Amino acid sequence: MRGTNPSRWKHRRDITKEPSALARRGIPQRGDLLKQPTGQQVLQATLLEIFAHGSRNHPWNPTGRSLTELFECYGSWISPQPDRIIMGSTLATRMASYLLPYVNERNGWPECRGIPGLRHHGLTRHGYELLHLPTKTVIEIRDRHRARLHLLEFEVQDNRDNKGYKPVWRSSGLTDLEDRWAHVWLPTSHTSLYSAFFPLLPVLDSRLNARDAAFIPAPAETARAHLSWCGMTTPTEAVAYLNDLSIDVYGEPLAITSQAPGFAIASAGGISMELHQRAACIECQRPRSKWEGRPSAREERRQAA
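(A) Spotlight on the side chain of glutamine 44. Relative to the helices and strands, glutamine 44 resides in helix 3 (residues 38–51). There is a polar contact of 2.6 Å between the side chain of glutamine 44 and the side chain of serine 195. Contact partners of glutamine 44, with chain neighbours within four places excluded, come to Gln36, Ile85, Ser195 and Phe198.

In C-alpha cells, the structure reads:
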C-alpha cells in the first residue's frame, strides 16, 4: 500500500517539512511517479513565477500588496499532492486574503490584485480551501492555529473597494475582466518543469535574503529558464530532492547535463533550466548577502578611516 514504508515518507518529510500525514498521502506507488493534472501543473508553475518574482512589480501586484513576497512572509511548507496544492502558512488568513482577486478597469484596461479566477471554496479542519476556476485546481492553505481561521472576513475588509478595486472572489463564475487573463492558464512546453520546482521553494529559502529564490521563465519555447537562490542547497542537491519526490516531469527523472561550482543545467524531456546557487556560483554577479550589496561593518570602518 502507498506510504506503508516509513523510510519513504519520512525521507520525503525531511525534504518538504510537511506534516507526516500529508507525506504519506502524497507518496505514489513504489516505482511510479507522482502525476498531477495539467491544470494543477499550470497553476503551480504560475505560483512559482509569482512567489519567486524578481521584484514587486508583478502585473497582479499593482498597488504594492505583497503578492510577490507572500510565501516568503507567510509560507512554511509545500506538500506535493496528486489532486490539489497544499501549502502550510504561519498566517493562513493573511495569505488567503492576498491571493483572492480584486479587479479594476482603468481607461479600458483591467488590473487585477490577486490571482484571477480564485474563489473562497470553504473552511476545512486545518485551514482554507480555495478553488481556481480556470484550472479547476483546489488550493489548501493550512494553519496550525484553527482559532485564527474565522478572521478571513475581517482580513479582506481592508481590501474592499480600495482605489476602485472590486472583490470578485465571491462570484460563482469567471467575470469578464478575469477572462482577459485566460491565456495565462494555457500549458506550454515548460509547464511541467516549472511546476516540479514549485515544491522546492521552502528548501531553497535560506531566510537570509529578501526574495531569496528568483525565477526567470524562458523567453521562448527553445530557451532555458533561470532559477537562483542564496541558500545552502546546491543545484545537485535540488535535482536529487526532486527525483526523490518522484514528481512526474515529462515521464522521466531530471538529469544534470552541465555543472560547475554553484551551477547546473537540469533537463528532462528536452526542456532545461539553469540552476544558480548565488553564494557559490562563479557565474552569478548578484550581491551575496541579505543587504543587497551593503558594505560589511569592517568595510565601513575601513572607509571611515
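Further notes follow.
(B) Seen up close, the nonpolar core. Phe51, Met87 and Phe197 are the most contacted members of the largest nonpolar core, which totals 66 residues. If one sorts the elements of this core by residue count, helix 3 sits on top with seven residues.

(C) A look at the packing of aromatic side chains. A complete count under the given rule lists four aromatic pairs for this structure. Judged by centre distance (4.9 Å) and plane angle (80°), the ring pair of tyrosine 194 and phenylalanine 215 falls under edge-to-face. With tyrosine 194 in helix 8 (residues 191–197) and phenylalanine 215 in strand 9 (residues 214–216), this residue pair connects regions lying 21 residues apart in the sequence. The exposure classification of tyrosine 194 matches that of phenylalanine 215, with both residues buried. An aromatic cluster is built from Phe51, Phe71 and Phe198, whose rings are joined through pairwise contacts. Positioned above the aromatic ring of tyrosine 165, the side-chain terminus of arginine 113 is 4.9 Å from the ring centre.

(D) Focus on the sheet that holds strand 8 (residues 166–167). Read across the sheet, three strands follow the order 4-3-8 without closing on themselves; strand pairing throughout is antiparallel. The sheet is open, and its two borders are formed by strand 4 (109–113) and strand 8, each paired with just one other strand. The pairing of strand 3 (residues 102–106) with strand 8 spans two bridges and is antiparallel. By the bridge assignment for strand 8, valine 103 is matched with lysine 166.

(E) Focus on the side chain of threonine 233. Note that threonine 233 resides in the loop between strand 10 (225–229) and helix 10 (235–245). Owing to a relative accessible area of 9%, threonine 233 belongs among the buried residues under this scheme. Polar contacts involving the side chain of threonine 233 include one to the main-chain carbonyl oxygen of valine 203, which spans 3.3 Å.

(F) Just unusual backbone geometry, in detail. In this structure, lysine 136 is a non-glycine residue whose phi angle is positive, near 55°. Along the polypeptide, lysine 136 turns up in the loop between strand 6 (127–132) and strand 7 (137–142). Here lysine 136 falls in the exposed class, since its relative accessible area comes to 71%. Within the chain, serine 246 stands out as a residue other than glycine whose phi angle is a positive 60°.

(G) Region of the structure containing the sheet that holds strand 7. The strand order across the open sheet formed by five strands is 1-2-7-6-5, and the pairing between neighbours is mixed. Looking along the sheet, the strands with just one partner apiece sit at the ends: strand 1 (75–80) and strand 5 (118–123). The average angle at which neighbouring strand axes cross in this sheet is 25°, direction not considered. In this structure, strand 6 lies alongside strand 7, joined through six bridges in antiparallel fashion. Bridge pairing in strand 7 links leucine 130 to isoleucine 139.

(H) Local environment of the environment of tryptophan 109. By secondary structure assignment, the location of tryptophan 109 is in strand 4. A sequence separation of 68 residues divides tryptophan 109 from leucine 177, and the C-alpha atoms of the two residues are 9.0 Å apart.

(I) Summary view of helix 10. Residues of helix 10 that are buried: Pro235, Ala238, Val239, Leu242 and Leu245. The buried residues of helix 10 occupy an angular sector of 125° when projected down its axis, which confines them to one face.

(J) Representation of the packing of helix 1 (residues 6–16) against helix 10 in the model. Orientation of helix 1 relative to helix 10, taken along the N-to-C sense of each, is 140°, at an axis distance of 10 Å. Between helix 1 and helix 10, the angle falls in the class oblique. Remark: the crossing between helix 1 and helix 10 carries left-handed chirality. Counted together, His11, Arg12, Ile15 and Thr16 of helix 1 and Tyr241, Asp244 and Leu245 of helix 10 form the full contact between these two elements. Its residues placed into classes, the contact of helix 1 with helix 10 shows three nonpolar, two polar and two charged.

(K) How the structure looks around the pairing of strand 5. Relative to strand 6, strand 5 runs antiparallel, the two being bridged by five bridges. Of the residues in strand 6, the one forming a bridge with histidine 120 is leucine 130. The loop that links strand 5 with its antiparallel partner strand 6 comprises three residues.

The rules behind the values
Residues numbered from 1 in each chain as written. Predicted model: local features only at pLDDT ≥ 70, side-chain atom pairs only at ≥ 80, totals over all residues. Heavy atoms only, no water. Helix = DSSP H or I, 4+ residues; strand = E, 2+ residues; numbered from the N terminus. Polar contact = N/O pair within 3.5 Å; in protein donor to acceptor, adjacent residues only side chain to side chain. Contact = heavy atoms within 4.5 Å. Core = buried A, V, L, I, M, F, W, Y, C linked by side-chain atoms within 4.5 Å. Buried < 20%, exposed > 50% of the residue type's maximum accessible area, 1.4 Å probe, protein only. Phe/Tyr/Trp six-rings, centres within 6.5 Å; stacked < 30°, edge-to-face > 60°. Lys NZ or Arg CZ within 6 Å of the ring centre and 35° of its normal. Pairing = 2+ DSSP bridges. Axes fitted to C-alpha atoms, helices over the stretch in contact; angles between N-to-C directions. Arc of directions from axis to C-beta. Parallel < 35°, antiparallel > 145°, perpendicular 65-115°, else oblique. Left-handed = near helix turned anticlockwise from the far one by under 90°. Nonpolar A, V, L, I, M, F, W, Y, C, P; charged D, E, K, R; others polar.

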